[in-house]
Each structure stands twice: as C-alpha cells, then as structure tokens.
Amino acid sequence: METFNYTVLSRDGKKVSGVIEGYNEMDAAKRLKETYPIVLQLDQIMEKGAVGSFLGGDVGSKKLNDKAFTLMCSQFSTILRSGIPVSRTVRLISDKISDKPLKIMLDEVAADVEAGRSLSASFADHGDGLLPTTFLETVHAGEESGNLDSAFDSVSEHYSKQLKLKGKVRGAMIYPTFVIVLAIAVVIVLMVKVVPTFTAIFADQGSELPVMTRSLIALSNFFGKYWLVIVAILAALFLAFRIYSNTEEGRMKVAKLMLRLPVLGEINTLQAASQFANTMAMMLGAGLPVTKAVSITARTLTNYYISTEVNKVVAELETGHGLGRSIKEAGCLPDILCDMTAVGEESGELESTLGMTGEYYDSELESATQAALAKLEPATLIFIGVVAGYIVISIYLAMFTMYNGM
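It should be emphasised that the depicted structure is a prediction, and the values quoted were computed from it without experimental measurement.

**Re the overall build of the protein**
Here is step 1 of the chain: When helices and strands are counted, the protein shows 16 helices and three strands.
Here is step 2 of the chain: Taking 406 residues into account, the globule formula puts the C-alpha radius of gyration at 22 Å, and the protein, at 28 Å, lies well above it.
Here is step 3 of the chain: Taken along the three principal axes of its C-alpha coordinates, the protein extends 95 × 45 × 40 Å.
Here is step 4 of the chain: When each of the 406 residues of the protein is scored for burial, the buried share is 40%.
Here is step 5 of the chain: Taking the intrachain contacts of the protein between residues at least 6 apart in sequence as the baseline, contacts between residues at least 24 apart amount to 62%.
Here is step 6 of the chain: Accessible surface for the protein amounts to roughly 21700 Å². Of this, 62% is attributable to carbon and sulfur atoms.
Here is step 7 of the chain: When the 36 positive and 44 negative side-chain charges of the protein are each reduced to one mean point, those points stand 6 Å apart.

What follows is the structure, encoded as structure tokens:
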C-alpha cells in the first residue's frame, strides 16, 4: 500500500489532518470519504530513504501496546455496561491507563467528547495511525446502532483472542530462538578462539596436515581476516532487500514468496485465513454491510498479495456476486474457508459461520506453528553437531598425523 498525508473537513466543519494508507490515491480518497464528507488535500508520502528503511521506519513513531489496548477495550465495555456516560467513561479510563500513547490520545478524545463530539469521530481524529481500522469501524457502527457497549465487548473479545494466540506463538519460539543464538555463539567461539590456537601448534610442527584440517584452518583464517567485510556485505544485502521490499513490485513478490516457502507458506496461509474469518465476523457483528466489511478486512491482512486480492473482491460483490464464490475465484484463501463462507451465506448465518471458521483456523495456525518449531529444534541440534564434529575430527586427524610423524 501507499501512504498519503490528508486534510479533510469533518461532519461538524472542523479541519482534520493525518496519514492514511491506500492501494492508490483513489482508494485512499474513497476510504476517507467513508468518514469525512469533504477531502481538501491528499498527497502521497514518498518512499523512505535507505537509512529509514534499514531501521524499519518506525523510529520516533507511535506504536500500539497490544496488552494496554486490549485492556482499554475491556474497560470501555465494562464501564459503559454499568450505565456511566461516555464522556465520564473516557475520562476515567484516561486517568487510570499507564500506556503513554493511549493516555495522550484518550485525553484528547475525552476533551472532544466533553465538548459534544461523537466518540467514533474523536477516535478517528486522534487515533489515526495508532488504532486499528477494525476498532474504529466497529466503534462507529456501535455508536450508530446505539449498542456502543456491545461494540466494545466485541472488539475486546476479538483482540483478546488475537493477543492470546500471539502470546502462545511467542512463548513457543523462546526455546528454539535460544538454541539458535547459542549455536551461532558456539560456532563463532570455536572458529575465532579454539581453532587459531590449534593452528599455531600445527604450524610449529611443520608436518603435512590432512585436507580436512587444512580446510578448517583456511575457513578460520578467512573469517578472522574478513569478518568486517562479511558483516558489511550481509548488511548491504539486508538493506537492499528492505529497499526493494518497500517498492510495489518487491512487496508483491515477497508476499507471494512467503506463501510458497516450505512450512512457512502454510503458516502464512493459515494466518491470513484466521485474520479474514475473525475480522469479517467482527465487522458483520458490528452491523457493517458485507462490501464494507470485506474492504476493511482486506486492510488488516498482513500478507500484501492476499490483501490486494481480497480488496478486489469488493468490486465483485458490488455487481451481485456472493462472497464465498468471489473469494474462491480470487484463489488466495483456503478452499475450506471459501466453502464455509458460501454455506454461511446460503443459511443466513454468515457471521456465526465465519466466527466458527476463525476458531478452526486459530487452532490450525497454533498447531502448524508448534509443528514447525518442533522441527526447528532437532535441525538446529543437528547443525551444531555437524559443525562441532567437523572441527573435532579435523583437529584429531591433525594430531594423529603429528604423532605418526614422530
């Protein structure tokens, strides 16, 4: 997606500025007009420079704390359900929340709501770039229908489930990550400290060393002499990749590649299916029409290729095609998800069907991640064993050669 700076007029005539993402300028303008009646200015932000891309482009930017945000949604649901007015609710949560970006935003929202503005419009103005689109749209729909507490209950449940799933995956990755880091550290110590010590001993003996030992010494000398060059080359390759992946062509090719990779491809596909089903269920539950729900859901998908293809489905829906048929023709999501979506449409239970399908893919995603990590651990141990065995055998062969020459 491209990024644009915008200036618009809100429904109460207030000038609002911010940043929005879109597939192109027309798409960005269309998204803005869903909330604001008049778009005054829309300018594309040029691609970040090499240094900014290398650093990830997030330096100095606001970042949403998932735990704090989920807690905030839960607090809104609980307090609003008790009958406390919206303006007082925002102020109460703002006074208690510890996350700085959310606190600053809530202070601004509280001032707006106390002045008579709607909660959804205030969140849209002050939470742009921080709050998820799904949250903003659900709150807006809940406010329009008069079920604001139910809307916050829905987003609280949705993001709480996402947070738990993310926590399980992160927790499962701790041990394999530790093993990989340890393996790299062991190899570096062996090549930089241990091997050079034996190399000096072998050199003093002057005897002809085995080929395996000579190759080990050559590798050790190479890494010892050119390690700065190696680091520089790796950094340059990484920088070039980041720059290329920020272009439209690069982003699309990387997204497609991620779906074709062994093991990781399946995980990425399951993640997209889970995101689609869960987000669509939440959007439909908030009362949004299918076309708008699909448009919003497309923006939440992390894989750029799938996001682009799902966004194209909106045009199909506007011509009268069914959702299940349209996403199946797009060919970017699993067949089970497409079939279940079609069943939900035919039965009139699309929201609940997508909710159950989302739970299924959550479970599948967790299982696939666990299976991938289970394969990674023995592979890492085998790698350590091969490297350590190569070094030990090379040294012992040299020692036997030396003894035989005495």
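**Remarks on a nonpolar patch on the surface**
Here is step 1 of the chain: Nonpolar side chains collect at one region of the surface, where Leu219, Phe222, Phe223, Tyr226, Val229, Ile233, Leu234 and Leu237 lie side by side and expose about 740 Å² of accessible area between them.
Here is step 2 of the chain: With relative accessibility at 41%, the residue phenylalanine 222 sits in the partly exposed group.

**Here's the deal with helix 5 (residues 100-114)**
Here is step 1 of the chain: Between its terminal C-alpha atoms helix 5 stretches 21 Å, which fits the 21 Å expected from 15 residues at 1.5 Å a residue.
Here is step 2 of the chain: Residues of helix 5 that are buried include every one of Leu102, Met105, Leu106, Val109, Ala110, Asp112 and Val113, and no others. Along the axis of helix 5, the buried positions cluster into a sector of 160°, meaning they face one direction only.
Here is step 3 of the chain: If you follow the buried residues of helix 5, they end up packed against helix 3 (66-81), helix 4 (86-96) and helix 6 (119-126).
Here is step 4 of the chain: With a side-chain oxygen lying 3.3 Å from the backbone nitrogen of leucine 102, the N-terminal cap of helix 5 falls on aspartate 99.

**So, unusual backbone geometry**
Here is step 1 of the chain: Unlike most non-glycine residues, valine 263 shows phi in positive territory, near 65°.
Here is step 2 of the chain: The topology assignment puts valine 263 in the loop between helix 10 (248-260) and helix 11 (264-285).
Here is step 3 of the chain: Residue classification places valine 263 among the partly exposed positions, given a relative accessible area of 37%.

**Notes on the side chain of aspartate 362**
Here is step 1 of the chain: Relative to the elements of secondary structure, aspartate 362 occurs in helix 16 (residues 350-404).
Here is step 2 of the chain: The class for aspartate 362 is buried, based on a relative accessible area of 9%.
Here is step 3 of the chain: A polar contact is formed between the side chain of aspartate 362 and the side chain of asparagine 278, at a distance of 3.2 Å.
Here is step 4 of the chain: Ignoring any residue separated from it by four or fewer positions in sequence, one finds aspartate 362 in contact with Lys161, Leu165, Ser274 and Asn278.

**Digging into the packing of helix 7 (residues 133-145) against helix 11**
If you want to describe how two helices pack, look at the angle between their axes and the distance between the axes.
Here is step 1 of the chain: Interaxial distance between helix 7 and helix 11 falls to 9 Å at its minimum, and their mutual angle equals 20°. Considering their axes alone, helix 7 and helix 11 lie roughly parallel with respect to each other. Crossing of helix 7 over helix 11 shows left-handed handedness. Residues Thr134, Glu137 and Thr138 of helix 7 form the contact with helix 11, whose own contacting residues are Thr279, Met282 and Met283.

**Describing the nonpolar core**
Here is step 1 of the chain: With 70 residues, the main nonpolar core has Met72, Phe123 and Phe135 as its most contacted residues.
Here is step 2 of the chain: Ignoring anything within four residues of it in the chain, the contact list for methionine 72 reads Ile93, Ile97, Leu102, Met105, Leu106 and Phe135.
Here is step 3 of the chain: With 11 residues, the next largest nonpolar core counts Tyr6, Val16, Ile20 and Ala28 among its residues.

**A look at the environment of valine 86**
Here is step 1 of the chain: Among the secondary structure elements, valine 86 is positioned in helix 4.
Here is step 2 of the chain: We classify valine 86 as partly exposed; its relative accessible area is 26%.
Here is step 3 of the chain: When the C-alpha atoms of valine 86 and alanine 110 are compared, they prove to be 8.9 Å apart, with 24 residues separating the residues in sequence.
Here is step 4 of the chain: Excluding its chain neighbours within four sequence positions, the residues that come into contact with valine 86 are Leu80, Val113, Leu119 and Leu148.

**As for the environment of isoleucine 336**
Here is step 1 of the chain: With respect to the helices and strands, isoleucine 336 occurs in helix 15 (residues 335-347).
Here is step 2 of the chain: Judged by its relative accessible area of 44%, isoleucine 336 falls in the partly exposed class.
Here is step 3 of the chain: Considering only alpha carbons, one finds isoleucine 336 and threonine 357, 21 residues apart in sequence, at a separation of 8.6 Å.
Here is step 4 of the chain: Once residues within four sequence positions are removed from consideration, isoleucine 336 is found in contact with Tyr360 and Tyr361.

**Notes on the packing of aromatic side chains**
Here is step 1 of the chain: Scanning the entire structure with this criterion turns up eight aromatic pairs.
Here is step 2 of the chain: Residues phenylalanine 76 and phenylalanine 123 carry aromatic rings whose centres are separated by 5.9 Å and whose planes lie at 70° to one another, so their mutual orientation is edge-to-face. Of the two residues, phenylalanine 76 sits in helix 3 while phenylalanine 123 sits in helix 6, which places them 47 residues apart along the sequence.
Here is step 3 of the chain: Geometrically, the ring pair formed by phenylalanine 123 and phenylalanine 135 is edge-to-face, given 5.2 Å between the ring centres and 75° between the ring planes. Highlighted residues: phenylalanine 123 in helix 6 and phenylalanine 135 in helix 7, separated in sequence by 12 residues. Considered together, phenylalanine 123 and phenylalanine 135 belong to a single accessibility category, that of buried residues.
Here is step 4 of the chain: One aromatic cluster in this structure is built from Phe69, Phe76, Phe123, Phe135, Phe152 and Tyr159.
Here is step 5 of the chain: Positioned above the aromatic ring of tyrosine 304 is the side chain of arginine 251, whose terminal nitrogen or guanidinium carbon lies 5.3 Å from the ring centre.

Scoring rules and cut-offs
Residues numbered from 1 in each chain as written. Predicted model: local features only at pLDDT ≥ 70, side-chain atom pairs only at ≥ 80, totals over all residues. Heavy atoms only, no water. Helix = DSSP H or I, 4+ residues; strand = E, 2+ residues; numbered from the N terminus. Rg over C-alpha atoms; globule rule 2.2 N^0.38 Å. Buried < 20%, exposed > 50% of the residue type's maximum accessible area, 1.4 Å probe, protein only. Contact = heavy atoms within 4.5 Å. Areas by Shrake-Rupley, 256 points an atom, 1.4 Å probe, with all protein chains shown as cover. Lys, Arg positive; Asp, Glu negative; His and termini not counted. Charge placed at Lys NZ, Arg CZ, Asp CG, Glu CD. Patch = residues over 30% accessible without salt bridge, like charges linked within 9 Å, V, L, I, M, F, W, Y side chains within 5 Å. Salt bridge = Lys/Arg side-chain N within 4 Å of Asp/Glu carboxyl O. Expected span 1.5 Å × (residues − 1). Arc of directions from axis to C-beta. Polar contact = N/O pair within 3.5 Å; in protein donor to acceptor, adjacent residues only side chain to side chain. Axes fitted to C-alpha atoms, helices over the stretch in contact; angles between N-to-C directions. Parallel < 35°, antiparallel > 145°, perpendicular 65-115°, else oblique. Left-handed = near helix turned anticlockwise from the far one by under 90°. Core = buried A, V, L, I, M, F, W, Y, C linked by side-chain atoms within 4.5 Å. Phe/Tyr/Trp six-rings, centres within 6.5 Å; stacked < 30°, edge-to-face > 60°. Lys NZ or Arg CZ within 6 Å of the ring centre and 35° of its normal.

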